[in-house]
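Close look at the chain arrangement
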Amino acid sequence: MSATVQTPAGSAASQPVLEPMRVSHLDAVMVLENASYEFPWSRGNFVDSLHAGYPAQLLREAPGGVPLGYYVAMAGVDEVHLLNITVAPAARRRGYARFMLDDLVRHCRMVEALSLWLEVRESNTGAQRLYERYGFALVGRRRGYYPAAGGKREDALLMNLPIAPAGG
């Protein structure tokens, strides 16, 4: 599965670049995180993930360029769990999330994971459609998983993508 990344005008862009996320990137990451979510991850969540050695990539428009997004995942036994994937609000709907998912699937194959898991807010229908088009299947629900406005909780939809072996 590969994506064509598009410029705002719709013409093919030069491919963005992914680089391993480092603590030194977190100021830029926190700007994107806070602009994207009502209940963002804390800086500590990112620091803990990086110190634990979780796969984490920062997406830039070009080497050393403007940060466009990132993802953080966690490896388990025969599986990988996508914890956070974010595209800058101004850069959405250009194929960047799919580009990052492609990279994460390559990582899954490299570590011989059999499946990729994620949770998505029940209200985030745009992300659900992206994941469904990518091949994820809805497999369950986590009741009250996410914080919501007014001290309430929102359900998460649990989705899974089987990972075919490299070359398979």
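Before reading further, recall that the structure is shown in the block above.
Residues numbered from 1 in each chain as written. Predicted model: local features only at pLDDT ≥ 70, side-chain atom pairs only at ≥ 80, totals over all residues. Heavy atoms only, no water.

Within helix α1 (residues 26-36), burial applies to L26, V29, M30, L32, E33 and S36. Projected down its long axis, α1 shows its buried positions confined to an angular sector of 165 degrees, all on one face. Exposed and oriented more than 90 degrees from the buried face of α1 are D27, V31 and A35. Residues of α1 that are buried in the fold lie against α2 (43-51), β2 (56-60), β3 (67-76) and β4 (79-87). (Buried < 20%, exposed > 50% of the residue type's maximum accessible area, 1.4 Å probe, protein only. Helix = DSSP H or I, 4+ residues; strand = E, 2+ residues; numbered from the N terminus. Arc of directions from axis to C-beta. Contact = heavy atoms within 4.5 Å.)

This paragraph deals with the sheet that holds strand β1 (residues 17-20). Spatially, the 7 strands line up as an open sheet ordered β1-β2-β3-β4-β5-β7-β6, and their pairing is mixed. Two strands bound the open sheet, and with one partner strand each, they are β1 and β6 (137-147). Sheet twist, expressed as the mean angle between neighbouring strand axes with direction ignored, is 25 degrees. Across 7 bridges, the pairing between strand β5 (residues 115-121) and strand β7 (residues 153-162) is antiparallel. Looking at β7, one finds that E119 is bridged to L158. Strands in contact with helix α3 (residues 96-110) are β1, β2, β3, β4, β5 and β7; relative to β4, the strand with the most contacts, it is inclined by about 160 degrees. (Pairing = 2+ DSSP bridges. Axes fitted to C-alpha atoms, helices over the stretch in contact; angles between N-to-C directions.)

A separate point is the packing of α1 against α2. Contact geometry of α1 with α2 gives a least axis separation of 10 Å together with a crossing angle of 130 degrees. The orientation of α1 relative to α2 falls into the category oblique. α1 and α2 meet at a crossing whose hand is right-handed. Touching L26, D27, V29, M30 and E33 of α1 are R43, F46, V47 and L50, all from α2. When the residues that make up the contact of α1 with α2 are grouped by side-chain class, the tally is 6 nonpolar, no polar and 3 charged. (Parallel < 35°, antiparallel > 145°, perpendicular 65-115°, else oblique. Left-handed = near helix turned anticlockwise from the far one by under 90°. Nonpolar A, V, L, I, M, F, W, Y, C, P; charged D, E, K, R; others polar.)

Nothing here speaks to function; it is geometry throughout.
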